[in-house]
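Inside the fold
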Amino acid sequence: MSEHTSNYVPKSGIEKWLDSRLPIVRLAYDSFVDYPTPKNLNYWWTFGGILSVCLVIQIVTGVIMAMHYTANSALAFDSVERIMRDVPYGDILRYVHANGASMFFFAVYIHMFRGLYYGSYKAPREVLWLLGCIIYFLMIATAFMGYVLPWGQMSYYGAVVITNLIGAIPVVGPSILTWLQGGFAVDNPTLTRFFSLHYLLPFVIAGVVVLHIWALHVVGQNNPTGVEIKSKEDTLPFTPYATVKDGFGIVIFLILFAVFVFFAPEALGHTDNYIQANPLQTPAHIVPEWYMLPFYAILRAVPDKLAGVIAMFSSIGLIFALPWLDTSKVKSMRYRPVMRWFFFLFVVTCIGLGWCGAQEPADVVFRMGTDNLGQATGISVTVVSRLLAAYYFLFFIFIMPWIGLKEEPLPVPASISEAVLAAHAKKKG
Amino acid sequence: MSTDPNRRDFIYIAAGAGAAGAVVMTLFPLIGQMNPAADTLALASIEYDLSKVTEGQQVVIKWRSKPLFVRYRTPKEIKEAQDVDIKTLRDPQTDAQRVKAGHEQYLIVVGVCTHLGCVPNFGLGEYGGWLCPCHGSVYDTSGRIRQGPAPLNLLVPDYTFLTDTKIKVG
């Protein structure tokens, strides 16, 4: 709705005075009060608002924790323990921050799958989608560096494994690795630079979020029909309709969040991170946080180091290319009977990859017998990861462009309000 | 704008080139500060007395924040390492290239798996050397990669024998 004109009328004297100098109240009014939203938005659309809340929670708790944390490899572990035991409310703040990261990723994944299902990345929303991808990439970097800060065993070896990925680059890899780590291994210089960047990047994310919302407000929101807004009948003002709906969604989300913080604060963490980092002893099994597991599974699925690293980065890179991979003329998969099944299979694949990432590579998933030592034989986690990784890439590179050309979509409603009225009539019987 | 070269074009090009040069000069300290600092480099070489290691033992010492495996190999292990046909190896190296002549019993390697940097466990795996528990890379008694995803042999650091039992690493 780029043609949306401002309906803001400054009332009080101070509003009139400010409006002709810095029309910031007008901007807020036009963006969050009077802004026309499609009237058929469902609850999958509340995750945008939920994500904004997540970012604010992370920044607030993070800034506070930085007041108590010490970024030094000799003191970091103990300073985190001090936050947990001695700092007033320190344990709550840390648990909110740590579980907040999980909640942030949980919400962003739903937000992304929502975009994928309803074709929110298609014209004219390509830039909006790219900005979202950049936010996601920054989130991964921020979460990774934050996870390293407590300087536990899992933190330390997470940093070792991920920085060593750079070493896979031919010829210059090892030099870049030394430069990146600030020494010959992950050590104090690595920790201090990670802390600096972990503090910086959330503000960069906030900046890109502003661009993301700006781009959203230029092209207007997508909606479950995937049909663009055509008239005033298709929309409702943001306030009170979207505000109240998002508010309800946020409250439900915060309840789930609170359940984790108060009743299972360690459920999503790894116990090994309560052992102080020891460069001379590797944990038996190195795993990243749950939200990175699918990519970790793709990394491990490839038997070659460099190829594994390339596969992992391209699995994230492909998301950026999505607007140009989808050839369908119809946005919403509601009207794409074939594609939606491949989409659901894709969701299952991502969850399956996540599960594989948490297992040991040689573990047997489907038991087919026993060898002469009595050990189970059959299809291992590595084989399952390879199959799932193959579908992951196939989905983007082959299925998406090909189905888009071949599929016969269902008839798409002429407008949002027509779809809403039809659904209403159907419900009445 | 006119296509004739004139004094204004010269000013644009000169200013642009000057700005580009200034940006490059600024990048040197900004990028260079990430390199290992002098105190890190100062600890980059250590001396070690090998008489502390007994036959069949592995000692782990810390060097450049990494574990260094000092391994006193048994004659059987040395023979196993020497008898391997190097054509079958992923990263072909003879055992002689990995130890100092006259000191074949001492194998000194950086204890970091060449896959993703875990610390391999000693005495596990099929080849009598090391097994990395993370992704299953197996190294032999010469620290050479034999199975699993790691692309290279365990790194042999630069070291010299100062006396018969004393080495300087780095």
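These remarks concern the structure in this document. (Residues numbered from 1 in each chain as written. Chains lettered and ligands numbered in written order. Predicted model: local features only at pLDDT ≥ 70, side-chain atom pairs only at ≥ 80, totals over all residues. Heavy atoms only, no water.)

Some thoughts on the overall build of chain A
- Secondary structure assignment for chain A yields 15 helices and four strands.
- Taking 2.2 N^0.38 as the reference for a compact globule, 429 residues should give roughly 22 Å; the C-alpha atoms of chain A span a radius of gyration of 24 Å, in line with that estimate.
- Put simply, chain A has 429 residues, and 50% of those count as buried.
- Considering only intrachain contacts with a sequence separation of at least 6, the fraction spanning at least 24 residues in chain A is 78%.
- For chain A, the accessible area works out to roughly 20,800 Å², and carbon and sulfur atoms hold 71% of it.
- Charged side chains of chain A number 28 positive and 26 negative; the gap between the two group centres comes to 8 Å. (Helix = DSSP H or I, 4+ residues; strand = E, 2+ residues; numbered from the N terminus. Rg over C-alpha atoms; globule rule 2.2 N^0.38 Å. Buried < 20%, exposed > 50% of the residue type's maximum accessible area, 1.4 Å probe, protein only. Contact = heavy atoms within 4.5 Å. Areas by Shrake-Rupley, 256 points an atom, 1.4 Å probe, with all protein chains shown as cover. Lys, Arg positive; Asp, Glu negative; His and termini not counted. Charge placed at Lys NZ, Arg CZ, Asp CG, Glu CD.)

Remarks on the layout of surface pockets
- In this model, the second largest pocket occupies a volume close to 980 Å³.
- Lining the second largest pocket are 41 residues, with Asn164(A), Pro174(A), Leu177(A), Lys66(B) and Leu155(B) sitting closest to its centre.
- If you list the elements that add at least two residues to the lining of the second largest pocket, you get α7 (153-166), α8 (173-181) and α12 (305-325) of chain A together with β3 (66-72) of chain B.
- Taken together, the residues of the lining of the second largest pocket break down into 23 nonpolar, 11 polar and seven charged. (1 Å grid on protein atoms, 1.4 Å probe; cavity = no way out; pocket = protein on both sides within 12 Å on 5 of 7 lines; lining within 4 Å. Points joined across faces, edges and corners; volume = space filled by probe spheres on them. Nonpolar A, V, L, I, M, F, W, Y, C, P; charged D, E, K, R; others polar.)

Details of the nonpolar core
- Residues Phe105(A), Tyr136(A), Tyr392(A), Phe395(A) and Phe396(A) are the most contacted members of the largest nonpolar core, which totals 120 residues.
- Each residue touching Phe105(A), except ones within four places of it in the same chain, is listed here: Tyr136(A), Met139(A), Ile140(A), Ala143(A), Trp290(A) and Tyr291(A).
- By size, the runner-up hydrophobic cluster in this structure holds 16 residues, among which are Tyr48(B), Leu50(B), Trp63(B) and Val70(B). (Core = buried A, V, L, I, M, F, W, Y, C linked by side-chain atoms within 4.5 Å.)

Some thoughts on the pairing of strand β6 (residues 128-131) of chain B
Residues and elements named next belong to chain B.
- Examined bridge by bridge, strand β5 (residues 121-122) and β6 share two bridges and lie antiparallel to one another. By the bridge assignment, Phe-122 is partnered in β6 with Trp-130.
- From the end of β5 to the start of β6, which pair antiparallel, there are five residues, and Gly-123 there has a positive phi angle of about 80 degrees.
- Across three bridges, the pairing between β6 and strand β7 (residues 138-140) is antiparallel. Bridge pairing in β7 links Trp-130 to Tyr-139.
- Counting the residues in the hairpin turn of β6 and β7 gives six residues, including Gly-136, whose phi is positive at 75 degrees. (Pairing = 2+ DSSP bridges.)

Some points on empty space enclosed by the protein
Residue and element names in this part refer to chain A.
- Scanning the model with the defined rule gives one cavity of 30 Å³ or more in all.
- In this structure, the largest cavity occupies an estimated 880 Å³ of space.
- Along its surface, the largest cavity is lined by 41 residues, and His-97, Ala-98, Gly-146, Tyr-147 and His-198 are the ones closest to its centre.
- Put simply, the parts of the chain that give the lining of the largest cavity at least two residues each are α3 (47-66), α4 (76-85), α5 (90-117), α6 (126-148) and α9 (188-219).
- Grouping the amino acids of the lining of the largest cavity by side-chain chemistry returns 27 nonpolar, 11 polar and three charged.

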